[in-house]
Amino acid sequence: MVGFGGKKVRQMVVGFGGSGFGQVAIAVAVSFLVRVFSAPGPALSPDNDPDDTQENGSDDAEAPAAGKVTPVTIRWRNINCCLSDKSSKSVRFLLRNVSGEARPGRLLAIMGPSGSGKTTLLNVLAGQLTASPRLHLSGVLEFNGKPASKNAYKFAYVRQEDLFFSQLTVRETLSLATELQLPNISSAEERDEFVNTLLFKLGLVSCADTRVGDAKVRGISGGEKKRLSLACELLASPSVIFSDEPTTGLDAFQAEKVMETLQQLAQDGHTVICSIHQPRGSVYKKFDDIILLTEGSLVYAGPARHEPLTYFSKFGYQCPDHVNPAEFLADLISIDYSSADSVYTSQKRIDGLIESFSQLLSRDIYATPIIVNDLSNSRKKITQRAAVGKEKGIWWKQFWLLLKRAWMQSSRDAPTNKVRARMSIASAIIFGSVFWRMGNSQTSIQDRMGLLQVTAINTAMAALTKTVGVFPKERAIVDRERAKGSYSLGPYLFSKLLAELPIGAAFPLMFGTVLYPMARLHPTLQRFGKFCGIVTMESFAASAMGLTVGAMVPTTEAAMAVGPSLMTVFIVFGGYYVNPENTPIIFRWIPNVSLIRWAFQGLSINEFSGLQFDHQHSFDIQTGEQALERISFGKSRIRDTVIAQNRILLFWYCTTYLLLEKNKPKYQLLETPIDDNEPRLKLEELNSEQADQTLEAPPVGQVDSNQAPESPGVDLVGPFVLEGAK
């Protein structure tokens, strides 16, 4: 496609675009698509540093060996996140002066009641907090003693909602992800071995050849989906793994299996941070460190298991025997809204705990215990993944892999395809029965126009509703994969278009095959072929419009509301209800972009050209050409319809591309507080003796067993007792 020269493009434009505005539109679309589909892909993946290739002295940086993890210690201090409300001019704090650390080889759990700020803190640490002009984020975040940078180390973020292509098996999902994310693994044997290792490591061997499934088709279980999410994130050997509510929606057994996986990953050297609401006792025992949050404030941060219970017992809050510690801690830091007195009592207790821990935290020496080997690692640039698009032919490799995936997803979706086929045939039978065997009488003219109009409407709406019902969910998957640098947008859209051509064309053909003979439309094979071609082209244009709607709105529900509403406007100006010549001036551009109008025009020209009607009076319509003149289609040709439908198709695809590029997730930047004068250790400048001293410093939240962290200025409520505990 790159080989198209200016002369050849001009010949295409003249051949298909006619003259005037059509040539300009086609020229812009062709040049845009040439640029999109010939682009080499993103210059660098989001995990790459542009300076790495220069420092390594090679354009093709090599990916780290599979399973090799770079230890990373994360330290954060005085994290504040507030949301302003313009109407009430109030400020709501989501996080308030939160500090803590996460170390390699340890599983850190962020716990707290609903609305305490668990997910917000996790997103801040992962750099995944969605940007908003009403949001203000400040604090200090360091990785191995250096300021936070998304290019420094590899992160994995396992979100609460697991999204996959439902028709692919577990093995196919991992294999395609490996080929896209790790192009340096070229041989099929090496790739299969790598995938099998991941399957064994995460306990997915038993379901490796089972489809992932969705709400329509049963597939793997929720726990297996969560482990599959972990497997997809582990492909690039990330140093840090973030997991948001990994046990949500799982039964107790599956939840424990998922947490066992996270614990094993931590033991393998990863830094694992997860948010969790209220785990069972066996899950709580797997945590190495915990952070307790309530109302965005820190209540405890430090070692898990018995240490938090020991800490709170010094305030008189004893955990009863045979009670899940996680439940005790959750009740301790939650506000009881059952009565006004309980709200006051619980709020006073929580305020005292927050104040006590903040004073304890201010007395601690805040130093990150990093081993000496990590200090040398922190001085070095971490080898990044190979830059996507550097290798010759990488665009086409991405395209073929995405085409393969899109084809498997479309062709295997039997429930959806069966429903679409049945609806196409049922619609054709209904319309064929209503307009059964139309003759050549004067009344048949209106019947033919009505049939052709409902044909155009039915075809467009069927294609539109299918696309807007699926694409918003698929877009979320694509956004995540593109954020990893797996592929660029051009190969994805092009592969999706080609993969859906055979499936998308089958249903209009079924509709036309049943309807055409039943209604006894113009009975020639050539006219039948043109009829099917026009409705098929309209179906593709409506699908492209559905992609644009799906890229424009955030959810499937919003897309289902916007898509049909927009199509209704095109139906009104579809050429049957309002004559284009009588359209108000300010609306005359709408018929030119209405895919309903162009499909109706093409179908009408195809049907009425050459027809002779029975007539008894001089004012009766005698020929099909006269009928076309009545609806202002007399000077039009089918070729004009095809060109217009192609313009509309290109316009919607180009618009989808631009919207997907524009609507990339944007994340809030962490601002360093201006008044942050606390001493900060520069770990990269420590020598070995200083490092030994650093190792002796207690971590954040370490409680001295000989001194109770009391707050002299706070009146703590008396001993806290769980209701129902003896």
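Since the model is a prediction, treat every value here as computed from it, not as a measurement.

**A look at the pairing of strand 1 (residues 74-85)**
Then, in step 1: Strand direction decides the pairing type here: strand 1 and strand 4 (residues 135-143), joined by eight bridges, are antiparallel. Residue pairing for strand 4: isoleucine 74 is matched across the bridge by phenylalanine 143.

**Things to note about the packing of helix 17 (residues 489-519) against helix 18 (residues 525-552)**
Then, in step 1: Between helix 17 and helix 18, the least distance of the axes is 8 Å, while the angle of their chain directions is 135 degrees. When the axes of helix 17 and helix 18 are compared, the pair comes out oblique. Helix-helix and strand crossings are classified by hand; for helix 17 and helix 18 the assignment is right-handed. Contacts from Lys496, Glu500, Leu501, Gly504, Ala505, Pro508, Leu509, Gly512, Thr513, Leu515 and Tyr516 of helix 17 reach helix 18 at Arg527, Phe528, Phe531, Cys532, Val535, Thr536, Ser539, Phe540 and Leu547.

**Concerning the sheet that holds strand 9 (residues 289-294)**
Then, in step 1: A sheet is described by the order of its strands in space; here six strands give the open sequence 6-7-8-3-9-10, paired in mixed fashion. Of all the strands in the sheet, just strand 6 (155-158) and strand 10 (297-303) have a single pairing partner and so form its edges. Each strand axis lies, on average, 15 degrees off the axis of its neighbour in the sheet, ignoring direction.
Then, in step 2: Contacts from helix 8 (residues 252-267) reach strand 3 (107-111), strand 7 (240-244) and strand 8 (271-275), with the element oriented near 150 degrees to strand 8.

**Things to note about the packing of helix 16 (residues 443-483) against helix 17**
Between two packed helices, what matters for the description is the angle formed by their axes and the separation of those axes.
Then, in step 1: Direction vectors running N to C along helix 16 and helix 17 enclose 155 degrees, while the axes themselves pass 12 Å from each other. Between helix 16 and helix 17, the crossing angle belongs to the class labelled roughly antiparallel. The crossing of helix 16 and helix 17 is right-handed. Every residue of helix 17 that contacts helix 16 at Leu451, Thr455, Asn458, Lys466, Phe471, Glu474, Val478 and Arg482 is listed here: Leu489, Tyr492, Lys496, Glu500, Phe511, Leu515 and Ala519.
Then, in step 2: Taken together, the residues of the contact of helix 16 with helix 17 break down into eight nonpolar, two polar and five charged.

**Some words on the sheet that holds strand 5 (residues 146-147)**
Then, in step 1: Across the sheet, which stays open at both edges, the four strands sit in the order 2-1-4-5 with antiparallel pairing between neighbours. One side of each edge strand has no neighbouring strand; the edge strands of this open sheet are strand 2 (90-102) and strand 5.
Then, in step 2: With nine bridges connecting them, strand 1 and strand 2 associate as antiparallel partners. Across the sheet, the residue bridging to cysteine 81 is leucine 95, located in strand 2.
Then, in step 3: The strands touched by helix 4 (residues 118-126) within the sheet are strand 1, strand 2 and strand 4, with strand 2 carrying the most contacts at an inclination of about 60 degrees.

**Concerning the UniProt feature "transmembrane region" (unreviewed entry) in the protein chain**
Then, in step 1: The UniProt record marks residues 12-34, 492-516, 528-552 and 558-578 with the feature "transmembrane region" (unreviewed entry), using the residue numbering of this structure.
Then, in step 2: A helix fraction of 100% and a strand fraction of 0% characterise residues 492-516, whose end C-alpha atoms lie 36 Å from each other.

**A few points about the confidence of the model for the protein chain**
Then, in step 1: When pLDDT is averaged along the protein chain, the result is 78; 78% of the residues meet or exceed 70.
Then, in step 2: Counted against residues more than four places away or in other chains, residues 1-66, with its pLDDT under 50, gives 96 contacts.
Then, in step 3: Counted against residues more than four places away or in other chains, residues 365-392, with its pLDDT under 50, gives 85 contacts.

**What about the nonpolar core?**
Then, in step 1: Counting 91 residues, the largest nonpolar core has Ile74, Trp76, Phe287, Ile290 and Phe312 as its most contacted members.
Then, in step 2: Sorting elements by how many residues they give to this core places helix 12 (residues 340-363) first, with six residues.
Then, in step 3: Once residues lying within four places of it in the same chain are set aside, the contact partners of phenylalanine 287 are Leu107, Ala109, Met111, Met259, Ile276, Pro279, Ala304 and Arg305.
Then, in step 4: In terms of nonpolar packing, the next biggest core, distinct from the first, is built from 78 residues, Phe165, Leu547, Ala599 and Trp652 among them.

**Structural notes on unusual backbone geometry**
Among all residues except glycine, the phi angle is most often negative; among peptide bonds, the trans geometry is most common.
Then, in step 1: Phi at glutamate 295 takes a positive value of approximately 55 degrees, unusual for a residue other than glycine.
Then, in step 2: Position of glutamate 295 relative to the elements: it lies in the loop between strand 9 and strand 10.

**Let's talk about the pattern of salt bridges**
Then, in step 1: The final tally for this structure, using the stated rule, is 21 salt bridges.
Then, in step 2: The partner of arginine 191 in a salt bridge is glutamate 179, and the shortest N-O contact between them spans 3.7 Å. On the criterion of sequence distance, the pair formed by arginine 191 in helix 6 (residues 188-201) and glutamate 179 in helix 5 (residues 170-181) is long-range, its members being 12 residues apart.
Then, in step 3: Of the charged contacts, one joins lysine 257 and glutamate 260 as a salt bridge, the two residues approaching to 3.9 Å between their closest N and O atoms. Residue lysine 257 and its partner glutamate 260 are located together in helix 8, separated by three residues, close to a single helical turn.
Then, in step 4: Through salt bridges with shared partners, a single network forms among Glu256, Lys257, Glu260, Arg280 and Lys286.

**Quick word on the environment of leucine 649**
Then, in step 1: The topology assignment puts leucine 649 in helix 23 (residues 638-662).
Then, in step 2: The spacing of leucine 649 and serine 543 is 106 residues in sequence and 8.7 Å in space, taken between C-alpha atoms.
Then, in step 3: With residues up to four places along the chain from it excluded, the contact list for leucine 649 reads Phe540, Ala541 and Ala544.

Procedures and definitions
Residues numbered from 1 in each chain as written. Predicted model: local features only at pLDDT ≥ 70, side-chain atom pairs only at ≥ 80, totals over all residues. Heavy atoms only, no water. Pairing = 2+ DSSP bridges. Helix = DSSP H or I, 4+ residues; strand = E, 2+ residues; numbered from the N terminus. Axes fitted to C-alpha atoms, helices over the stretch in contact; angles between N-to-C directions. Parallel < 35°, antiparallel > 145°, perpendicular 65-115°, else oblique. Left-handed = near helix turned anticlockwise from the far one by under 90°. Contact = heavy atoms within 4.5 Å. Nonpolar A, V, L, I, M, F, W, Y, C, P; charged D, E, K, R; others polar. UniProt positions renumbered as here; feature names shortened; annotations may be inferred. pLDDT = per-residue confidence, 0-100. Core = buried A, V, L, I, M, F, W, Y, C linked by side-chain atoms within 4.5 Å. Buried < 20%, exposed > 50% of the residue type's maximum accessible area, 1.4 Å probe, protein only. Salt bridge = Lys/Arg side-chain N within 4 Å of Asp/Glu carboxyl O.

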